Amino acid sequence: CGSSCTTGTMTSYLIAKKNPKHREIKYVTFGGTGGAAHEAKQKLAGYSFPGGNVKDGSKVAKKTFAWALFLLMMTSLGGLDHEQKKVMDFLSALANEVPDWVDALPWFTQSQIFQKVLQQRNVPDEYLFIQTDFYLPQWYYGVTGDNASNWDLTELNRMHSDASQAFEKF
């Protein structure tokens, strides 16, 4: 579950935690590296990645380089050698951030999602970690894809049977 799915489930989950009399929502997670449930719960969340948008890093980098070159020109024209060195150091450091083997610049976070229910403790969703409530220490194969008629029904029944145990415990 990622992006839009995470936004919906995390919002519902946090609202339910704030108002437990109205609804109870739990995360069920499977897979991971296996092992004991208490170990898995420290590493696995009920979602893959939170929502938000990214922006092409080359657009950000071009504007940053253009602004730095403008500053370099202005410090040069103004005879501000000490300031010119600062701009050169900045440009050098910026260029060094991009590894030689990369054929494109990284993308940057453009918009983030915040959970209003957290109020003052609010941080972007990407910095939240909500432990799974119930962990299934297995992998289920052949139960995903766009065409459900191609799914492995035996495996799907096993997954549903295992997951139903989570609801008995709550």
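Before reading further, recall that the structure is shown in the block above.
Computed from a prediction, not measured in an experiment: that's the story for all the values here. (Residues numbered from 1 in each chain as written. Predicted model: local features only at pLDDT ≥ 70, side-chain atom pairs only at ≥ 80, totals over all residues. Heavy atoms only, no water.)

1. A word on the environment of Met74
Moving on, step 1. Position of Met74 among the secondary structure elements: in helix 3 (residues 57-77).
Moving on, step 2. Met74 gets classed as partly exposed once you look at its relative accessible area, which sits at 39%. (Helix = DSSP H or I, 4+ residues; strand = E, 2+ residues; numbered from the N terminus. Buried < 20%, exposed > 50% of the residue type's maximum accessible area, 1.4 Å probe, protein only.)

2. Re the packing of helix 3 against helix 4 (residues 81-96)
Moving on, step 1. Running from amino to carboxyl end, helix 3 crosses helix 4 at an angle of 160°, the nearest separation of the two axes being 9 Å. Comparing the axis directions of helix 3 and helix 4 gives the class roughly antiparallel. Between helix 3 and helix 4 lies a crossing of left-handed hand. Residues Thr64, Phe65, Ala68, Leu69, Leu71, Leu72, Thr75 and Ser76 of helix 3 form the contact with helix 4, whose participating residues are Glu83, Gln84, Val87, Met88, Phe90, Leu91, Leu94 and Ala95.
Moving on, step 2. Of the residues assigned to the contact of helix 3 with helix 4, the class counts are eleven nonpolar, four polar and one charged. (Axes fitted to C-alpha atoms, helices over the stretch in contact; angles between N-to-C directions. Parallel < 35°, antiparallel > 145°, perpendicular 65-115°, else oblique. Left-handed = near helix turned anticlockwise from the far one by under 90°. Contact = heavy atoms within 4.5 Å. Nonpolar A, V, L, I, M, F, W, Y, C, P; charged D, E, K, R; others polar.)

3. As for the environment of Lys41
Moving on, step 1. Mapped onto the elements, Lys41 comes out in helix 2 (residues 37-43).
Moving on, step 2. A relative accessible area of 25% places Lys41 in the partly exposed class.
Moving on, step 3. When the C-alpha atoms of Lys41 and Phe134 are compared, they prove to be 8.0 Å apart, with 93 residues separating the residues in sequence.
Moving on, step 4. Each residue touching Lys41, except ones within four places of it in the same chain, is listed here: Phe129, Gln131, Thr132, Asp133 and Phe134.
Moving on, step 5. At 2.9 Å, the side chain of Lys41 forms a polar contact with the backbone oxygen of Asp133. (Polar contact = N/O pair within 3.5 Å; in protein donor to acceptor, adjacent residues only side chain to side chain.)

4. Some remarks on the nonpolar core
Soluble globular proteins tend to bury their nonpolar side chains together.
Moving on, step 1. The biggest cluster of nonpolar side chains holds nine residues, and these are Met10, Tyr13, Leu14, Tyr27, Ala45, Tyr47, Leu118, Leu128 and Ile130.
Moving on, step 2. Those residues in contact with Ile130 that sit more than four places away from it in its chain are Met10, Tyr13, Leu14, Tyr27, Leu44, Ala45, Gly46 and Tyr47.
Moving on, step 3. Membership of the second largest hydrophobic core comes to eight residues, among which are Tyr140, Met159, Ala163 and Ala166. (Core = buried A, V, L, I, M, F, W, Y, C linked by side-chain atoms within 4.5 Å.)

5. Considering the packing of aromatic side chains
Moving on, step 1. If you walk through the whole model with that rule in mind, you get five aromatic pairs.
Moving on, step 2. Ring geometry for Tyr13 against Tyr27: centres 4.8 Å apart, planes inclined by 25°, an arrangement best described as stacked. One end of the pair, Tyr13, is in helix 1 (residues 4-18); the other, Tyr27, is in the loop between helix 1 and strand 2 (28-30), and 14 residues separate them in sequence. No difference in accessibility class separates Tyr13 from Tyr27, as the two residues are buried.
Moving on, step 3. The interplanar angle of 65° and the centroid separation of 5.9 Å between the aromatic rings of Tyr27 and Tyr47 together place this pair among those described as edge-to-face. In this pair, Tyr27 sits in the loop between helix 1 and strand 2 while Tyr47 sits in the loop between helix 2 and strand 3 (49-50), placing the two residues 20 residues apart along the sequence. For the pair Tyr27 and Tyr47, a shared accessibility class is recorded, and that class is buried.
Moving on, step 4. Grouping aromatic residues by their ring pairs yields a cluster made of Tyr13, Tyr27 and Tyr47. (Phe/Tyr/Trp six-rings, centres within 6.5 Å; stacked < 30°, edge-to-face > 60°.)

6. As for the pattern of salt bridges
Moving on, step 1. Inspection of every chain in the model, using the stated rule, returns five salt bridges.
Moving on, step 2. Note that Lys26 is salt-bridged to Glu24, the shortest N-O span being 3.3 Å.
Moving on, step 3. Owing to a relative accessible area of 25%, Lys26 belongs among the partly exposed residues under this scheme.
Moving on, step 4. For Glu24, a relative accessible area of 53% puts it in the exposed group.
Moving on, step 5. Across the pair Glu83 and Lys86 runs a salt bridge, and its minimum N-O distance is 3.4 Å. (Salt bridge = Lys/Arg side-chain N within 4 Å of Asp/Glu carboxyl O.)

7. Considering the side chain of Asp125
Moving on, step 1. Looking at the element boundaries, Asp125 is found in the loop between strand 5 (108-112) and strand 6 (134-136).
Moving on, step 2. For Asp125, a relative accessible area of 2% gives the class buried.
Moving on, step 3. When near neighbours in sequence (up to four residues on either side) are disregarded, Asp125 contacts Met10, Pro50, Ile113, Phe114 and Gln115.

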